[in-house]
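Descriptive analysis of the structure
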Amino acid sequence: MASTTASGKEVPEGYVLHTENTSHILLDANAAFLNPIQEFNRDLSVASIRVWSEEFNREKEARWRQKLERKQKFKETSHSAKRMKVDNSSESAGNAAEESTPQLSAEISANYQPYRFTILEALSATGLRALRYAKEIPLLKHVIANDLSPAAVEAMHRNVQYNDLGEQKVLKPDGTEKVIPAKVQINEGDACSLMYSHREEKNRVDVIDLDPYGTAAPFIDGAVQAVKDGGLLCVTCTDLAVLATNNYPEKCFSNYGGVPVKAEYCHEAALRLLLNALSSSAARYGRYITPLLSLSIDFYIRVFVRVDTSPSEVKKLLTKTSTIYVCSSCQSFYNQPLGRIFEKKHEKSGHVNHLLKTHQNSIPAKCEECEGVLHVAGPMWNGRLHDQAFLEKLLQHVDSNSDHYGTYTRMKGMLTVAKEELDDALFYFVPGKVASHFHCETPSLDEAASALLNAGFKVSRSHASPGSLKTNAGNQSIHDIYRAFIKTHPVKMDKISPSSPTAKLLAKEPHLTTVDFTSHPDSVTAAGKVKVVRYQENPTPNWGPGKRATGKSNAAAALKRKRPADDEAAEADKMT
């Protein structure tokens, strides 16, 4: 028997109503995949796309106004020249220009229409994300929601109709019907084939969202071709067992073109491997990426990158790619960029040419800190993870719409930390982990940060790991802080082997002669004062990632024949 919700809509028998923000979906347990814990992902995606769309619209409006002003100036110039020929009066020409200015302003304000954009969600499942986009993003024209599973497509049709986002017919005053296109347009098919069908410039979409179960690697090539210039590419990868460990380096290389890192900063390395895969795929087509926001969240990573076309920028990708050498003992890392860039200015014209050359090898044979063995990781992205201007606007939007997002507290905390992250430093360290390499007591976060700040280095937190610090100080300077700390907090040497990495770390002469642990005013920033919710609170028991969708309904599963025990015994007799 059907039930009725608070909104007055009936819930058909055999379905469960799931509500997230303003969207409602009807769930059949086995037919399509829904992950409730990804609400933070969906909230973040809605906010990011909304902020991007407003900025994209402003850029288009600015270009439109410039073009209109150029046309108007051309008309004014030709009109003034004609008037000068007629009466040779500079006064009349000036009056004509003054009269045209208010007319131009009126024309600009009257004619500009906000740019309405299109989203392609390649792997929609139940369609919840597409429904939220359609309902919560004002400048959206429509969403193309795609899935290969017939059960998922059936669920999407049901949910789109339930939320009144399908095609609608409106009766005009003259008695004729007007057809309003569906806000969510559903497609059943292969995601790669759909994106390849949009790779022609006239067919490209403004935003592509990839949120697969596992790796997004098979869909990246089609996505970087199908998104418009200035468009947004949103990518989720949940295969951190591949990206953030060294258990499957061959799988990581085949998926992302790089080898992962086995170290405490493996989650940031996972982000950089994904960004490198996106940038190298885009570069094949003369396109380049600009990361707007890159986050490591729970059991997955999520990146938002802008895609543009520029052959000259593609060439600079060589300098934004590095191979990383990681010490297997103390986890010190050494950065080896693949290339470097030089500026050559022409004396007469003043034009600046950029020359790119390969980089000389600067990596030692062994770790300079503990003489440990170095392992190779990468190649991976060594540029910025976030765009500070975009993050500033995103935080303003989230603060002004706090009641619109169920995970506002977590969004505020994580975005604040991400905004303060150093953009010119690779990786982070956890004071407790470094202390374990020295077999010493752990300095507090404030002590470690203050010592680095007092030594003249920059320090920030990292969103990827609680209690972590990010700095532009080198391996030796970080270790010197601990060597100075050990002077007042001695290490028990009786259990340390003279040939161990710890003994070599302790025996090394410090580079920093003076280390000051006095609390620095910048050691506790705004990010340290904000409550950072790292994991969502479970609203109900057993609330978390679901299993992969089977694509079968309960009825179909019940019809599957089960072999009785006597049949199995008969088969066994035949084999003997």
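Let us look at the structure shown here. (Residues numbered from 1 in each chain as written. Predicted model: local features only at pLDDT ≥ 70, side-chain atom pairs only at ≥ 80, totals over all residues. Heavy atoms only, no water.)

Some points on the side chain of Ser 281
Residue position: Ser 281 is located in helix H9 (residues 266-283). Classification of Ser 281 as buried rests on a relative accessible area of 10%. Within polar-contact distance, the side chain of Ser 281 engages the side chain of Arg 284 at 3.4 Å. (Helix = DSSP H or I, 4+ residues; strand = E, 2+ residues; numbered from the N terminus. Buried < 20%, exposed > 50% of the residue type's maximum accessible area, 1.4 Å probe, protein only. Polar contact = N/O pair within 3.5 Å; in protein donor to acceptor, adjacent residues only side chain to side chain.)

Some remarks on the packing of aromatic side chains
As enumerated under the stated definition, the model contains 10 aromatic pairs in all. Centroid distance Tyr 265 to Phe 427: 4.6 Å. Interplanar angle 20°. Geometry classified as stacked. Of this pair, Tyr 265 sits in the loop between helix H8 (249-256) and H9 while Phe 427 is found in the loop between helix H12 (408-420) and helix H13 (431-438), placing the two residues 162 residues apart along the sequence. Phe 427 shares its class with Tyr 265; the two are buried. Seen in terms of ring centroids, Phe 333 and Phe 427 are 5.0 Å apart; in terms of plane orientation they differ by 85°. Their pairing is edge-to-face. Separated by 94 residues along the polypeptide, Phe 333 in strand E15 (residues 333-337) and Phe 427 in the loop between H12 and H13 bring together distant segments of the chain. Within the aromatic cluster, the residues linked to one another by ring pairs are Trp 52, Phe 56, Tyr 115 and Phe 117. Here Lys 60 stacks its cationic end above the ring of Tyr 115, 4.7 Å away from the centre of that ring. If you follow Arg 410 out to its NZ or CZ, it ends over the ring of Phe 40, 4.5 Å from the centre. (Phe/Tyr/Trp six-rings, centres within 6.5 Å; stacked < 30°, edge-to-face > 60°. Lys NZ or Arg CZ within 6 Å of the ring centre and 35° of its normal.)

Details of the side chain of Arg 132
Turning to its location among the elements, Arg 132 is positioned in helix H3 (residues 128-136). Overall, Arg 132 belongs to the buried group, its relative accessible area being 0%. The contacts of Arg 132, once residues within four sequence positions are left out, are Glu 20, Asn 21, Ser 23, Glu 39, Arg 42, Asp 43, Val 46, Ile 137 and Tyr 405. (Contact = heavy atoms within 4.5 Å.)

Observations concerning the sheet that holds strand E13 (residues 300-309)
Reading across the sheet, the seven strands line up as E9-E6-E5-E10-E11-E13-E12 and stay open at both edges, with mixed pairing between neighbours. Every other strand in the sheet has two partners, leaving strand E9 (184-188) and strand E12 (287-297) as the edge strands with one partner each. The mean angle between the axes of side-by-side strands here comes to 15°, regardless of whether they run parallel or antiparallel. Taken together, the three bridges between strand E5 (residues 117-121) and strand E10 (residues 205-210) define a ladder with parallel strand orientation. Looking across to E10, one finds that Ile 119 is bridged to Val 207. On the sheet, H3 packs against E5, strand E6 (140-147), E9, E10 and E13 and is oriented at approximately 175° with respect to E6. (Pairing = 2+ DSSP bridges. Axes fitted to C-alpha atoms, helices over the stretch in contact; angles between N-to-C directions.)

What to know about the sheet that holds strand E14 (residues 321-327)
Sheets are built from strands that pair by backbone hydrogen bonding, the pairs being arranged parallel or antiparallel. Across the sheet, which stays open at both edges, the three strands sit in the order E15-E14-E18 with antiparallel pairing between neighbours. The sheet is open, and its two edges are formed by E15 and strand E18 (374-381), each paired on a single side. Between one strand axis and the next, the sheet turns through 25° on average, direction left out of account. Note that E14 and E18 share six bridges and pair antiparallel. Residue Ile 324 lies in a different strand from E18, and its bridge partner there is Ala 377.

Topic: the nonpolar core
Within the largest apolar cluster, 56 residues are counted, with the highest numbers of intra-cluster contacts made by Met 195, Ile 208, Leu 233, Val 235, Leu 243, Leu 274 and Leu 278. With 10 residues, the top contributor of residues to this core is H9. Apart from the residues within four sequence positions on either side, Leu 243 is in contact with Cys 237, Cys 252, Tyr 256, Pro 260, Cys 266, Ala 270, Leu 273 and Ile 301. Ile 25, Ile 49, Tyr 300 and Ala 418 belong to the second-largest nonpolar core, a separate cluster that totals 45 residues. (Core = buried A, V, L, I, M, F, W, Y, C linked by side-chain atoms within 4.5 Å.)

A closer look at a positive patch on the surface
A cluster of basic residues, Lys 67, Arg 70, Lys 71 and Lys 75, forms a positive patch at the surface. With respect to the helices and strands, the residue Lys 75 is situated in helix H1 (residues 39-87). (Patch = residues over 30% accessible without salt bridge, like charges linked within 9 Å, V, L, I, M, F, W, Y side chains within 5 Å. Areas by Shrake-Rupley, 256 points an atom, 1.4 Å probe, with all protein chains shown as cover. Salt bridge = Lys/Arg side-chain N within 4 Å of Asp/Glu carboxyl O. Lys, Arg positive; Asp, Glu negative; His and termini not counted. Charge placed at Lys NZ, Arg CZ, Asp CG, Glu CD.)

Description of unusual backbone geometry
A cis amide bond, omega 5°, links Gly 378 with the succeeding residue Pro 379. Looking at the secondary structure, you find Pro 379 in strand E18. Even without being a glycine, Ala 125 presents a positive backbone phi close to 55°. Within the fold, Ala 125 resides in the loop between E5 and H3. Under the relative-accessibility criterion, Ala 125 is labelled buried at 15%. For His 439, which is not glycine, the phi dihedral falls at a positive 55°. Relative to the helices and strands, His 439 is located in the loop between H13 and helix H14 (445-454).

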